[in-house]
Amino acid sequence: MKIQLLTTSLLLLITTVSFSQKISVSEINEKRSTSDNSFSNECEIELKISGDEVRKYKFVKISKITKAIDDQGIDLLNEDEKSNDYSKIDQTAKIKLEIKIPARKAKTIKELSGEVSLYNPNQANGSEIKIANYQNKTNVNLLPGKSGIEIIYLTKESYTKYVQENKNKKEEELKKLPEAARLMAQGLLGAFDGLFSSGDTDDNQVYFYVNGDKSKFVDLYFEDTAGKKIERNGSMSSNSLFTYYFEEKPNPNWKLVINIESDKSIKKIPFKLVDIELP
């Protein structure tokens, strides 16, 4: 009797742990057209992540899709689908992805597999870095060396000065620098000449050079002296240059906040969904 009770307890424990996060399909929207326009032909799937563990995190994204196939054997993986950004978790954690249009005869998506990442940025787990007086910290890596990523604040003046000081260095001299400094020099020298030499800069824009594992870079924003997030007009990235636009000239009293992924800030959940009914 004791053995039976122990076995039942263990089974219940395993079930609880296994289903601490549940991933399900909450909605499928399929659109077909004779047009070649990709926006007219799409299959969008909304996933819902539920469970007590999810409530410990603030953001969620689809890290990767490894398999998507319909019941006719058609591969539905969308090669053009870019990596998703994190979405804020509100009352429910929902995320969307796009796959190719299933075959007309298909009644189900036979399998959809991949991985979801939950993310909770804070200073304790090393994923939220707050930097005061950022305007005095140009041309240096603002992140800890162990993070695997570099973020460098640039201005036209600081970049011009950096180029002038380093452009005449011979390759042999660059090799003597510590690896981090050498890679930064090689990346920065000449990288943004077109941008700054054209004079097409705006006092309301802020520039950052991002190098290393960019997949770890989540967000960058500013807070005022009261800790309120400063809303921006938008952002743009081109290769390693990230530009942020604001309504006003950034204030020296603003605090720079950088969010990156760290081992303790994310939880990755693999999933496999089968026989998903199509609309």
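Counting from 1, residues in each chain are numbered in the order their sequence is written. Confidence filtering applies because this is a predicted model: local features only for residues at pLDDT of at least 70, side-chain atom pairs given and counted only at 80 or more, and all residues used for totals across whole chains, interfaces and linings. Excluding hydrogens and water, the side-chain figures rest on all heavy atoms present in the structure.

Caption draft 1: Representation of the overall build of the protein in the model. For the protein, the helix and strand inventory stands at five helices and 14 strands. It only takes one pair of heavy atoms within 4.5 Å for two residues to be counted as in contact. Residue pairs at least 24 apart in sequence account for 73% of intrachain contacts in the protein once pairs closer than 6 positions are excluded. Accessible surface, the protein as shown: approximately 17,300 Å² in total, 47% of it carbon and sulfur. Strands are runs of DSSP state E lasting at least two residues, helices are runs of H or I lasting at least four, and both sets are numbered from the N terminus onward. All accessible-area figures derive from a Shrake-Rupley calculation using a 1.4 Å probe, and residue coverage is judged against the displayed protein chains alone.

Caption draft 2: Expanded view of the nonpolar core. The biggest cluster of nonpolar side chains holds 27 residues, and the ones touching the most others in it are Ile-45, Leu-47, Ile-49, Val-60, Ile-99, Ile-109 and Leu-112. When residues of this core are traced back to their parent elements, those giving at least two are β1 (22-31), β2 (42-50), β3 (59-70), β5 (93-99), β6 (108-119) and β14 (266-277). Residues grouped as a nonpolar core are buried Ala, Val, Leu, Ile, Met, Phe, Trp, Tyr and Cys residues, joined through side-chain atoms within 4.5 Å. Exposed residues in this analysis have more than 50% of their type's maximum accessible area, buried residues have under 20%, and partly exposed residues fall in between, with area computed by a 1.4 Å probe over protein chains only. Grouped together as the second largest cluster of nonpolar side chains are 22 residues, Tyr-134, Leu-142, Phe-208 and Tyr-244 included.

Caption draft 3: Region of interest: the side chain of Ser-147. Relative to the elements of secondary structure, Ser-147 occurs in the loop between β7 (128-131) and β8 (149-154). The class for Ser-147 is buried, based on a relative accessible area of 10%. Under the rule applied, a polar contact is a pair of N or O atoms within 3.5 Å (in protein, one hydrogen donor and one hydrogen acceptor; residues adjacent in sequence only if both atoms are side-chain atoms). A distance of 2.7 Å separates a polar atom in the side chain of Ser-147 from the backbone oxygen of Pro-144. If near-sequence neighbours (up to four positions away) are discounted, Ser-147 is found in contact with Lys-216 and Ile-260.

Caption draft 4: Seen up close, the packing of aromatic side chains. Each pair of aromatic rings taken from Phe, Tyr and Trp, with Trp reduced to its six-membered ring, is defined by centres within 6.5 Å and is described as stacked if the planes are under 30 degrees apart, edge-to-face if over 60, and tilted in the remaining cases. What the rule picks out here adds up to 10 aromatic pairs. Here Phe-59 and Tyr-119 contribute two aromatic rings whose centre-to-centre distance is 6.3 Å and whose plane-to-plane angle is 45°, an arrangement assigned as tilted. Here Tyr-119 lies in strand β6 and Phe-59 lies in strand β3, a separation of 60 residues in the sequence. Residue classification places Tyr-119 among the buried residues on the basis of a relative accessible area of 1%. Each residue in the set Tyr-134, Tyr-153, Phe-208, Phe-222, Tyr-244, Phe-246 and Trp-254 is aromatic and connected to the rest through ring pairs, giving one cluster. When the ring centre of Tyr-221 is taken as origin, the NZ or CZ atom of Lys-229, which lies over that ring, is 4.6 Å away. Placement of a charge over a ring requires the Lys NZ or Arg CZ to be within 6 Å of the ring centre, with the centre-to-atom vector within 35 degrees of the ring normal.

Caption draft 5: Summary view of the pattern of salt bridges. Whenever Lys or Arg places a side-chain nitrogen within 4 Å of a carboxyl oxygen from Asp or Glu, that contact is recorded as a salt bridge. In the structure shown here, the tally under the stated rule is 11 salt bridges. With a closest N to O distance of 3.9 Å, Glu-42 and Lys-31 form a salt bridge. Separated by 11 residues along the polypeptide, Glu-42 in strand β2 and Lys-31 in strand β1 bring together distant segments of the chain. As a salt-bridge pair, Glu-223 and Lys-130 come within 3.4 Å of each other at their nearest N and O atoms. Note that Glu-223 is positioned in strand β10 (residues 217-223) and Lys-130 in strand β7, a separation of 93 residues in sequence.

Caption draft 6: Examining the sheet that holds β1 more closely. Here a strand pair is declared whenever DSSP counts at least two bridges between the two strands. Spatially, β1-β2-β5 is the arrangement adopted by the three strands of the open sheet, whose pairing is antiparallel. Two strands lie at the open edges of the sheet, namely β1 and β5, each paired on one side alone. Pairwise comparison of adjacent strand axes, ignoring direction, gives a mean angle of 25° for this sheet. As judged from the nine bridges shared by β1 and β2, these two strands associate in the antiparallel manner. Bridge assignment links Glu-30 to a residue of β2, and that residue is Cys-43. Interaxial angle, 0 to 180 degrees, is taken between N-to-C directions of lines fitted to C-alpha atoms, where a helix line uses only the stretch in contact.

Caption draft 7: The arrangement of the sheet that holds β3 in detail. Read from one edge to the other, the open sheet built from four strands follows the order β4-β3-β6-β14, with strand pairing classed as antiparallel. Edge positions in the sheet fall to β4 (87-88) and β14, since each has one partner strand and no second. When β3 meets β6, the two strands line up antiparallel, connected through 10 bridges. When the bridges of β6 are listed, Val-60 appears paired with Leu-118.

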